[in-house]
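A closer look at the structure
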Amino acid sequence: MKKIIVIALVLGNMSMLTAQNQEKKGIEIAKAANLADQGFGSLEVNLKMILKNKNGQVSERQMTNKVLELIEDGDKSLVAFNTPKDVKGTATLTFTHKIGSDDQWLYLPSIKRVKRISSSNKSGPFMGSEFAFEDLSSDEVEKYTYKFIEENDGLLKVEQDPVDPKSGYARRLVTYNKNKGYRLETIEFYDRKNALLKTLIYSDYRQYKSKHWRPGRMTMTNHQNNKETTLFFSDYNFGLELSDEDFTENALKRIGN
């Protein structure tokens, strides 16, 4: 009996050590990815959004996205719609936070008002797309717990569980490319019932400033409703001198006027 108990204790300790090692390696990969892209400062990029419904019908929207990098906290981001006419002037402002819920606002030109997006609504669709409002936030290491899954030819797969209890996801499976500056390759999103909800694929990468990898295309496929949203990125501009003043509620209102 004593021998059985000792074997069980040894196996239990080994399992605990394996879990701890997986968590440690997962965090290390996330930190390496964060450090690899640090220092871009600010940028502006044009986007074309293609929405495809389950019947294959498509619609198109044109947007611009500005991002301000903050080292001490999460990044600030502003997305503004330029076309079509029914969404022109609509804009979303996101303040990502390393600790606690992110702050988000939506400006609707039809009512000329800025609405704050509550934490409970951030799992909802962003402007009818397959991206959720929470997908607009920058990836900060502190927002998840981690478990390393596997490495295959330089591709590192890490499970990330959101710390925020109001997240729409139970977990994400993220694939990093260690040989290309730990850039993101794919993210698999699992809903609160732990069923596969969406897959995001990054492609057509280019490197800027000999360091920063940015995709030319991101495709989000929803496996549960058979819809798809593709974002095409063009004219990345890292030379802008953006500041906090470019990311305010007044900045949102100016877009719609």
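The model shown is predicted, which means the values in this text are computed figures rather than measured ones.

Okay, the environment of threonine 90 next. Following the sequence through the fold, threonine 90 ends up in the loop between β3 (76–83) and β4 (91–95). Assessed through its relative accessible area of 4%, threonine 90 is described here as buried. Excluding residues that lie within four positions of it along the chain, threonine 90 makes contacts with Val79, Ala80, Phe81, Leu106, Tyr107, Leu108, Pro109 and Met127. Within the structure, threonine 90 has its side chain in polar contact with the backbone oxygen of valine 87 (distance 2.9 Å).

The next thing to look at is the pattern of salt bridges. Any two side chains of opposite charge can pair if their charged atoms end up close together. Inspection of the entire model under this criterion finds 11 salt bridges. Across the salt bridge formed by lysine 52 and glutamate 228, the nearest N and O atoms sit 3.9 Å from each other. Of this pair, lysine 52 sits in strand β1 (residues 42–52) while glutamate 228 sits in strand β15 (residues 228–237), and the two are 176 residues apart along the sequence. Lysine 52 sits in the partly exposed class, given a relative accessible area of 35%. The exposure class assigned to glutamate 228 is partly exposed, which follows from its relative accessible area of 24%. Between lysine 178 and glutamate 151 there is a salt bridge, and its shortest N-O distance comes to 2.8 Å. One end of the pair, lysine 178, is in the loop between β9 (171–177) and β10 (183–190); the other, glutamate 151, is in strand β7 (residues 144–152), with 27 residues separating them in the sequence. In this structure lysine 178 comes out as partly exposed when scored by relative accessible area, which is 34%. Accessibility expressed as a relative area gives 38% for glutamate 151, which makes it partly exposed.

How each quantity is defined
Residues numbered from 1 in each chain as written. Predicted model: local features only at pLDDT ≥ 70, side-chain atom pairs only at ≥ 80, totals over all residues. Heavy atoms only, no water. Helix = DSSP H or I, 4+ residues; strand = E, 2+ residues; numbered from the N terminus. Buried < 20%, exposed > 50% of the residue type's maximum accessible area, 1.4 Å probe, protein only. Contact = heavy atoms within 4.5 Å. Polar contact = N/O pair within 3.5 Å; in protein donor to acceptor, adjacent residues only side chain to side chain. Salt bridge = Lys/Arg side-chain N within 4 Å of Asp/Glu carboxyl O.

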